[in-house]
Amino acid sequence: TAVSAAVISSSLVHLETKDSPEVHYEDIVRKGRFICERNLARLLAYEIPQEILVLKELGVRFDMIGDKINAGWAPGHTYPRGCRCTTRMGLEITRPLKNEAFRLGVKFLPNTMITKLITDLIDEGVNGAIGINMKTGEPILITSKAIVLATGGAGGIYKYTDNPASMTGDGYVLAYEAGAELIDMEFVQFHPGLIHPPLPKQDIPYHSLVVRGAAFRNALGEDIFKKYNLIDVRQMTRDVVSRIMMAEILEGRDVHGKIILEISDENQLNSFDGTFQKIIQFQKINVKEKLLLGVLPLAHSTLGGVKIDEKCQTTVEGLYAAGEVVGGVHGADRLAGNALAEAIVFGARAGRYAAKFSKSRKLGVIDKGQLKEELTGVDLHHIRGEDQTLKTLKDAFLDIMWKNVGPVRSKEKLDKTIELIYSFKRQIKELPSVKDGIQRYEVFEFTNMLRVSEMIAKSALFRTESRGTHFRIDFPNEKDEWTTHIAVQKSAPLRKIPVV
Ligand SMILES: Cc1cc2nc3c(=O)[nH]c(=O)nc-3n(C[C@H](O)[C@H](O)[C@H](O)COP(=O)(O)OP(=O)(O)OC[C@H]3O[C@@H](n4cnc5c(N)ncnc54)[C@H](O)[C@@H]3O)c2cc1C
């Protein structure tokens, strides 16, 4: 959230009077290709206006015209409803929330990585968590009556992503190991982004650029938007643009692995925000002579995840979840600004219901004997410096995920990836440090990345159609019989479950 562009989609709080929660809800269902959980999508659309007022009271600042928010439009939304924070930075949202948490006396455990949720021996719910202090290597044991999982997404399993590299999907594995059901793991959203060092990696406002006459060209110099007849700005959604870019790259019409964004005048540059324009000036880049920038699809957000009900309760007693780690709110694709709306609406709900549940539950008894292995901690003394073998494995893995499980997929690519994931798992066991019994959290993190990727690749292989962000070159059409979720759960085969 802190690194986001801080745009929150909501009706009612902005100038467009024709917009309403119902229209917002209908947009979510259409964009999600009819497999979002209707009750959750409805909650998002109906509760976000009120939550925005709460954020304003806590000190979050939005672009205003009078007492209304000056909202922006993005493809897929019927009306402009993207409520932008003044600084365009997610810190604008997280800072006031953190201050409020401090004021309420919430205790923080900085530098802590949770590695396992503890399952109660009696009622099979969760009653605590184990983690590592990444600065001291000390193990940490937390007991609790309820847990809210809010660990975000898994963009970090792809070579090219706008997520921080640490977003590796730990939460999916924690929930899976605790026995929770996960859904829609095959849906990962990509967004056209800039990869042009020394300029900062970032999403690009491609529709605004195209409207102002900028072009995206392949190695043959073809304007790829024109080539794919992508002329109507309403059709220029992230999934479509990412897919055509990826198709050009995979078919070899790339320029050093990228598509070229050609900016030919300063007006086009105005599509970017002020900070980016200052960087361009700082780099002394002269736009009058045509600016050529490398772009490609970046992994942006994970749409699948832990299945929840309206109270954010997962299928495991005592385990609640909210935000990007959850699946089912958006379905097969997500509208811009709806990820933060989801995190805010369901974050508030999860907190309320977890607190209520805690009042009725006794603290379970933890059998520390069974946890001995996890509680040994990390011997930091042994693991200073980078493990080169691990880094080589990880780099190869990230590249494979991007090429094979990205915006364009096929049975052949997915089969190969699953085979390689098994091979990486075997190779991890052969790493010298692992053989010596030294626990490294990098190994824990990489193992989690492989496990999340396995869930995504296997679900993508299982879904023999194309829908939303999931595009199969061998099954290019949407099929009615696939208007379902795919559920992933420990000790159970992948299976279709109905959309509610
Ligand atoms: C560059 C960028 C721009 C974006 N802009 C927008 C936007 O403008 N509007 C919008 O709607 N969406 C946007 N998104 C998406 C949106 O920001 C995210 O979906 C949302 O912030 C997720 O919030 P969250 O609370 O679920 O997770 P996060 O905010 O990602 O927080 C998860 C936290 O869990 C911690 N964590 C993870 N694993 C562990 C572990 N094992 N132990 C302990 N802690 C752990 C992480 O360190 C992190 O602090 C953007 C995303 C990116 C990457």
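Coordinates for the structure precede this section.
What you are looking at is a predicted structure, and each value in this text was computed from that prediction instead of being measured. (Residues numbered from 1 in each chain as written. Predicted model: local features only at pLDDT ≥ 70, side-chain atom pairs only at ≥ 80, totals over all residues. Heavy atoms only, no water.)

Trainee: Which parts of the structure should I look at to understand the overall build of the chain?
Mentor: Scanning the chain from N- to C-terminus turns up 14 helices and 18 strands. The C-alpha radius of gyration computed for the chain amounts to 23 Å, which stays within 12% of the reference 23 Å derived for 500 residues, consistent with globular compactness. Based on the C-alpha atoms only, the size of the chain along its principal axes is roughly 70 × 55 × 50 Å. A burial count over the chain gives 53% of its 500 residues as buried. Counting only contacts in the chain whose residues sit at least 6 apart along the sequence, the fraction spanning at least 24 positions is 70%. In the structure as shown, the chain presents an accessible area of about 22,500 Å², 54% of it carried by carbon and sulfur atoms. (Helix = DSSP H or I, 4+ residues; strand = E, 2+ residues; numbered from the N terminus. Rg over C-alpha atoms; globule rule 2.2 N^0.38 Å. Buried < 20%, exposed > 50% of the residue type's maximum accessible area, 1.4 Å probe, protein only. Contact = heavy atoms within 4.5 Å. Areas by Shrake-Rupley, 256 points an atom, 1.4 Å probe, with all protein chains shown as cover.)

Trainee: Even after reading the chapter, I still don't get the site of the ligand, so can you show me in this structure?
Mentor: Taken together, 24 residues lie around the ligand, and Thr1, Val7, Asp170, Glu324 and Leu340 are the ones closest in. Backbone polar atom of Ala6 to an oxygen atom of the ligand: 3.3 Å apart, as the coordinates give it. One of the backbone nitrogen or oxygen atoms of Gly337 is found 3.3 Å away from an oxygen atom of the ligand. Protein burial of the ligand: of its 1,000 Å² of free accessible surface, 76% is covered by the chains. Only strand S5 (112-119) and helix H10 (338-359) provide two or more residues apiece to the shell around the ligand. Counting residues per element, the shell around the ligand draws most heavily on H10, which supplies four residues. (Near = heavy atom within 4 Å. Polar contact = N/O pair within 3.5 Å; in protein donor to acceptor, adjacent residues only side chain to side chain.)

Trainee: When you look at H10 in this model, what are you seeing that I'm missing?
Mentor: Every α-helical turn comprises 3.6 residues, leaving residues that sit three or four positions apart pointing alike. The first and last C-alpha atoms of H10 sit 32 Å apart over 22 residues, in line with the 32 Å expected at 1.5 Å per residue. Looking only at H10, the buried set comprises Asn338, Leu340, Ala341, Glu342, Ile344, Val345, Phe346, Arg349, Ala350, Ala354, Phe357 and Ser358. Those residues of H10 hidden inside the fold are in contact with strand S1 (7-9), helix H1 (21-31), helix H2 (38-58), helix H3 (91-103), strand S8 (147-149) and strand S16 (319-321). (Expected span 1.5 Å × (residues − 1).)

Trainee: Looking at this model, I keep getting lost on the packing of aromatic side chains. Mind explaining?
Mentor: Overall, the coordinates contain nine aromatic pairs when judged by the stated rule. For the ring pair Tyr160 and Trp402, a centre distance of 4.8 Å and an interplane angle of 80° mean the geometry is edge-to-face. Separated by 242 residues along the polypeptide, Tyr160 in the loop between S8 and helix H4 (170-177) and Trp402 in helix H11 (residues 388-404) bring together distant segments of the chain. You can call Trp402 buried: its relative accessible area is 4%. Centroid distance Phe216 to Phe225: 5.2 Å. Interplanar angle 25°. Geometry classified as stacked. A single burial state applies to Phe216 and to Phe225, both of which are buried. Chaining the aromatic ring pairs together yields one cluster made of Phe397, Phe424 and Phe446. The lysine or arginine in question, Lys98, covers the ring of Phe108, its NZ or CZ lying 5.6 Å from the ring centre. It is Lys496 that lies over the ring of Trp482; its NZ or CZ is 4.2 Å from the centre. (Phe/Tyr/Trp six-rings, centres within 6.5 Å; stacked < 30°, edge-to-face > 60°. Lys NZ or Arg CZ within 6 Å of the ring centre and 35° of its normal.)

Trainee: Teacher, can you tell me more about the packing of H11 against helix H14 (residues 441-462) here?
Mentor: Packed helix pairs are characterised by how far apart their axes lie and by the angle those axes make with each other. Two numbers describe how H11 lies on H14: the axes approach to 12 Å, and their chain directions differ by 20°. Classified by the angle between their axes, H11 and H14 sit roughly parallel to one another. When the axes of H11 and H14 are compared, the crossing they make is left-handed. Two secondary-structure elements touch here, H11 through Leu390, Leu393, Lys394, Phe397, Leu398 and Met401 and H14 through Glu442, Val443, Glu445, Phe446, Met449, Leu450 and Ser453. Each residue belonging to the contact of H11 with H14 can be placed in one class, and the counts come to nine nonpolar, one polar and three charged. (Axes fitted to C-alpha atoms, helices over the stretch in contact; angles between N-to-C directions. Parallel < 35°, antiparallel > 145°, perpendicular 65-115°, else oblique. Left-handed = near helix turned anticlockwise from the far one by under 90°. Nonpolar A, V, L, I, M, F, W, Y, C, P; charged D, E, K, R; others polar.)

Trainee: Which parts of the structure should I look at to understand the pairing of strand S6 (residues 126-133)?
Mentor: For a regular strand, the rule is simple: side chains alternate between the two faces of the sheet. S6 sits mainly inside the fold: eight of its eight residues count as buried. Of the strand pairs in this sheet, S5 and S6 are connected by seven bridges, and their pairing is antiparallel. Within the sheet, the bridge partner assigned to Met113 lies in S6 and is Ile132. Between S6 and the antiparallel strand that follows it, strand S7 (residues 139-143), lie five residues; Gly137 among them carries a positive phi value of about 80°. (Pairing = 2+ DSSP bridges.)

Trainee: Honestly, the environment of Thr237 in this entry has me stumped. Any pointers?
Mentor: With respect to the helices and strands, Thr237 occurs in the loop between helix H6 (224-227) and helix H7 (238-250). Classification of Thr237 as buried rests on a relative accessible area of 11%. Here the alpha-carbon distance between Thr237 and Thr94, two residues 143 residues apart in the chain, equals 28 Å. Aside from chain neighbours lying at most four places away, what touches Thr237 is Lys31, Pro75 and Tyr206. Among the polar contacts made by the side chain of Thr237, one reaches the side chain of Asp239 at a distance of 2.6 Å.

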